[in-house]
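Analysis of the macromolecular model
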Amino acid sequence: MSRLGRWARRWYGAWRASRLGTRLAFGLGALALVVFAIVGTVTVSFMNGYLGRRLDEQLKTSQVAQVPGLRSSHGSPQTLYSWYSAVFEVDKGVATPQPGGTLPGDVGPLAQVAVDATRGDVFRDVYIDGTGPYRVRACPVATDQVDTGTVLLSAAPQADLDNTVRQLVLVEVIAFLIALAILVVAGRMVLRRGLRPLSDMAGTAHDIASHDLMATAALPVRASGEGGGAEVQELRTAFNLMLTHIESSLAARTAANDRLRRFVADASHELRTPLTSIRGYADLFRYAAANEPEEREAHLTKIREETARMSVLVDDLLLLARLDAHDAEPPVRPERIDLADPARAAADAFRAGRPGHPLEVAVPAGPVEIDADPVRLRQVLDNLLANAAVHTPPGTPVSLALTVEDGQAVVRVSDAGPGIAAEDQRRIFDRFFRVDNSRTRSAGGTGLGLSVVQSLVVEHGGTVEVASEPGRTTFTVRLPLPS
């Protein structure tokens, strides 16, 4: 039993390791073999029954033609072909063959059929020792009473019929084997041709596997070709769509890694500047403490300024990291607020801190309720207003407008400054990006204000965009209203 099990497992393993075309071809052959077996069985059964009925008809026809003559002349029966033919006299259940007939050496089985025929025509299969199976028909010629009378009996050998059936079986087996071999070979060729597109896609996958994805995210190949039917074409299309998605994902990951490296490099550079200043002023403070006490307060003030600048930079970096990571502590805690309140508060703070820039405020009389974090939303407005003041000359008018449009709360912060170049507008929300002619460290910017604005607005489910031309720059923030 264990040897049979090992053989079965070995065969099953070889079967699973074979190619799909081979498995399909042999599966088709196995199905065809079952169909051939059913067709052959039905054909042989039908032919066997047909020949048996023909033999019965021949026996009946020959006896019907002889019965009238035997009744009138009481002669001998006719001998047809290689049949046995005889007349039996039945008396009280005992059948006695009459002279003139042809009978085998063992007449016992035939005599029993003759006895049964006194009550009517009888068809029966009889096996005679030494000669084989026979088909027997017996009919009464003249009957005086039950179990008494004259009976005509004919027995035809079934060897010819069996030989015919065996020849038919042999012919069918040979024909089916030839047809099966042709079907398997031709089917294998057709399947190989039909599965060629799948092999091509496998080759494409191997080409991609050998491609160095670290060097470039662009996948160099796609599944091409025609044929294979609708299913293969659908698979080819899905395969190419998958490759396109993988390529775009790899490109996005590469771009994200590049942005991360650039972000780390810029953050390191930005932090190094105030740290260098603090270290320098600390050295000066130590020197002044020993030699020029009156300068200590000035150096200490510089240290505080650089520390405050570094604190703002670190806070912005921490906020951006939390917005990117969505960690356990949510960076935004929304609640139902009136957007007009933080807008008015930001405007008041701007007027107090930037008196050199006239501010025009347009806020609806009624409430504009949204679900937002009031602290972070105030930070968005403060950054946009500060950006307008820092990067425009003194005296430049600034406006803050709040409206409701298409189911959204819309905040527009505009200024009449020199504008932003078109090539810079595409990168205006990138981290640490500065417009060369205005965004310098001397102006106090770190290049993170607008990045914080965009991240906070997106976290609230809104959008922010910029439109700029000489004499007019507008930042538009759109936030969804509660449903």
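In this numbering scheme, every chain counts its residues from 1 along its sequence in written order. Since the coordinates come from a predicted model, pLDDT governs what is reported: local features require at least 70, and pairs of side-chain atoms require 80 or more to be given and counted, while whole-chain, interface and lining totals use all residues. Side-chain calculation: all heavy atoms of the structure are included, whereas hydrogens and water are not.

**Comments concerning the nonpolar core**
Nonpolar core, defined: a set of buried Ala, Val, Leu, Ile, Met, Phe, Trp, Tyr and Cys residues in which side-chain atoms within 4.5 Å join the residues together. Residue exposure (1.4 Å probe, protein chains only): buried if accessible area is under 20% of the type maximum, exposed if over 50%, otherwise partly exposed. With 38 residues, the main nonpolar core has Leu339, Ile370, Leu384 and Val411 as its most contacted residues. Where this core is concerned, the elements lending two or more residues are helix 8 (340-353), strand 8 (369-372), helix 9 (374-390), strand 9 (398-405), strand 10 (408-415), helix 11 (449-459), strand 11 (463-469) and strand 12 (472-480). Secondary structure counts use DSSP, requiring at least four H or I residues in a row for a helix and at least two E residues in a row for a strand, with both numbered from the N terminus. Sort the elements by how many residues they give to this core and helix 9 lands first, with 7 residues. When neighbours within four sequence positions are excluded, Ile370 is seen to be in contact with Glu335, Arg336, Ile337, Leu339, Leu377, Ala409, Leu479, Pro480, Leu481 and Pro482. Any two residues having at least one pair of non-hydrogen atoms within 4.5 Å are treated as being in contact.

**Here we look at the confidence of the model for the protein chain**
Values of pLDDT, which run from 0 to 100, indicate the predictor's confidence residue by residue. Overall, the predicted model of the protein chain reaches an average pLDDT of 80, with 73% of residues at or above 70. In this model, residues 437-444 is a region of pLDDT below 50 whose contacts with residues beyond four sequence positions or in other chains number 16 contacts.

**Looking at the packing of helix 8 against helix 9**
Between the N-to-C directions of two axes lies an angle of 0 to 180 degrees, each axis being a line fitted to C-alpha atoms and, for a helix, fitted only over the stretch in contact. Where helix 8 meets helix 9, the axes come as close as 9 Å, and the angle between the chain directions of the two elements is 35 degrees. Read as a crossing pair, helix 8 and helix 9 show a hand that is right-handed. Residues Pro342, Ala343, Ala345, Ala346, Ala347, Ala349 and Phe350 of helix 8 form the contact with helix 9, whose participating residues are Arg378, Leu381, Asp382, Leu385 and Ala389. Polarity classes work like this: nonpolar for Ala, Val, Leu, Ile, Met, Phe, Trp, Tyr, Cys and Pro, charged for Asp, Glu, Lys and Arg, and polar for all others, with Gly in that last group. Grouping the constituent residues of the contact of helix 8 with helix 9 by class yields 10 nonpolar, no polar and 2 charged. Each crossing gets its handedness from the near helix: less than a right angle anticlockwise from the far helix is left-handed, clockwise is right-handed.

**Focus: a nonpolar patch on the surface**
Patches in this entry comprise residues that are over 30% relatively accessible and not in a salt bridge; like charges within 9 Å are linked, as are nonpolar side chains (Val, Leu, Ile, Met, Phe, Trp, Tyr) within 5 Å. Method for areas: the Shrake-Rupley scheme with a 1.4 Å probe, in which residue coverage is limited to the protein chains shown. Salt bridge, as applied in this entry: a Lys or Arg side-chain nitrogen positioned within 4 Å of an Asp or Glu carboxyl oxygen. On the surface, Leu28, Leu31, Val35, Val39 and Leu183 cluster together into a nonpolar patch covering about 380 Å² of accessible area. With 4 residues, helix 2 (residues 20-73) is the single largest residue contributor to the nonpolar patch. Here Leu31 lies in helix 2.

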